[in-house]
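Here is how the chains run, residue by residue.
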Amino acid sequence: MRIVAGIVAAVSGAFWLLCGYRVLESRFATDPAVDPHGYALIVGAVLALPAGLVCALALPTRVRRIALPVYAAVSVLLLAAWFTA
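If you're wondering where the values come from, they're calculated on a predicted model, not measured in any experiment. (Residues numbered from 1 in each chain as written. Predicted model: local features only at pLDDT ≥ 70, side-chain atom pairs only at ≥ 80, totals over all residues. Heavy atoms only, no water.)

Draft legend 1. Fine view of the overall build of the chain. When helices and strands are tallied, the chain shows three helices and zero strands. The N-to-C order of helical and strand elements in the chain reads α-α-α. For the C-alpha atoms alone, the extent of the chain along its principal axes is close to 45 × 20 × 15 Å. Within the span of the chain, comprising 85 residues, buried residues form 28% of the whole. Here the contacts in the chain between residues at least 6 apart in sequence split such that 63% fall between residues at least 24 apart. Entry remark: accessible area of the chain is about 5,700 Å², with carbon and sulfur atoms responsible for 75%. (Helix = DSSP H or I, 4+ residues; strand = E, 2+ residues; numbered from the N terminus. Buried < 20%, exposed > 50% of the residue type's maximum accessible area, 1.4 Å probe, protein only. Contact = heavy atoms within 4.5 Å. Areas by Shrake-Rupley, 256 points an atom, 1.4 Å probe, with all protein chains shown as cover.)

Printed below as a string of structure tokens:
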């Protein structure tokens, strides 16, 4: 069961990082051709929230104590990047 939880955490964590990267790339890009309509910003922020939560909850208890506050802080920053664009 731990192996399955580790795989779920790794896959959702990688997806969370990818979505977070796309949001930040879209938010701070100086070239308007990078994301002209803002779909990467919007969809990336929306998909990053559940993916990060799955990743944080699939981790063992000792790591979860650190992962949940980190998830909360990064989620607030992603939403702030979305709403201030």
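Draft legend 2. A look at the pattern of salt bridges. All chains considered together, the criterion is met by one salt bridge. A salt bridge links Glu25 to Arg22; the shortest N-O distance between them is 2.8 Å. With Glu25 and Arg22 both in helix H1 (residues 2-28) and three residues apart, the pair spans about one turn of that helix. Judged by relative accessible area, Arg22 falls into the partly exposed class, the value being 35%. (Salt bridge = Lys/Arg side-chain N within 4 Å of Asp/Glu carboxyl O.)

Draft legend 3. Quick look at the environment of Thr84. The residue Thr84 is located in the segment after helix H3 (61-83) in this model. Considering only alpha carbons, one finds Thr84 and Arg27, 57 residues apart in sequence, at a separation of 8.9 Å. Polar side-chain contacts of Thr84 include one of 2.7 Å to the backbone oxygen of Ala80. (Polar contact = N/O pair within 3.5 Å; in protein donor to acceptor, adjacent residues only side chain to side chain.)

Draft legend 4. Seen up close, the nonpolar core. Ranked by size, the top nonpolar core spans twelve residues in total: Trp16, Cys19, Val23, Leu41, Ala45, Ala48, Ala51, Ala56, Ala67, Tyr71, Leu78 and Ala81. Going through the elements one at a time, H1, helix H2 (39-58) and H3 are the ones with two or more residues in this core. Sorting elements by how many residues they give to this core places H2 first, with five residues. Once residues within four sequence positions are removed from consideration, Ala81 is found in contact with Val23, Arg27 and Leu41. (Core = buried A, V, L, I, M, F, W, Y, C linked by side-chain atoms within 4.5 Å.)

Draft legend 5. Looking closely at the environment of Asp31. Secondary-structure assignment places Asp31 in the loop between H1 and H2. On a C-alpha basis, the gap between Asp31 and Pro69 in space is 33 Å, while along the polypeptide they are 38 residues apart.

Draft legend 6. Quick look at H3. Counted at 1.5 Å a residue, the expected span for H3 with its 23 residues is 33 Å, and the 32 Å between its end C-alpha atoms agrees. The axis of H3 is deflected most strongly, by about 25°, at Ala67, and proline Pro69 appears within four residues downstream. Those residues of H3 that fall on the buried side of the exposure criterion are Ala67, Tyr71, Ser75, Leu78 and Ala81. (Expected span 1.5 Å × (residues − 1). Bend = angle between axes of the 7 residues up to and from the residue.)

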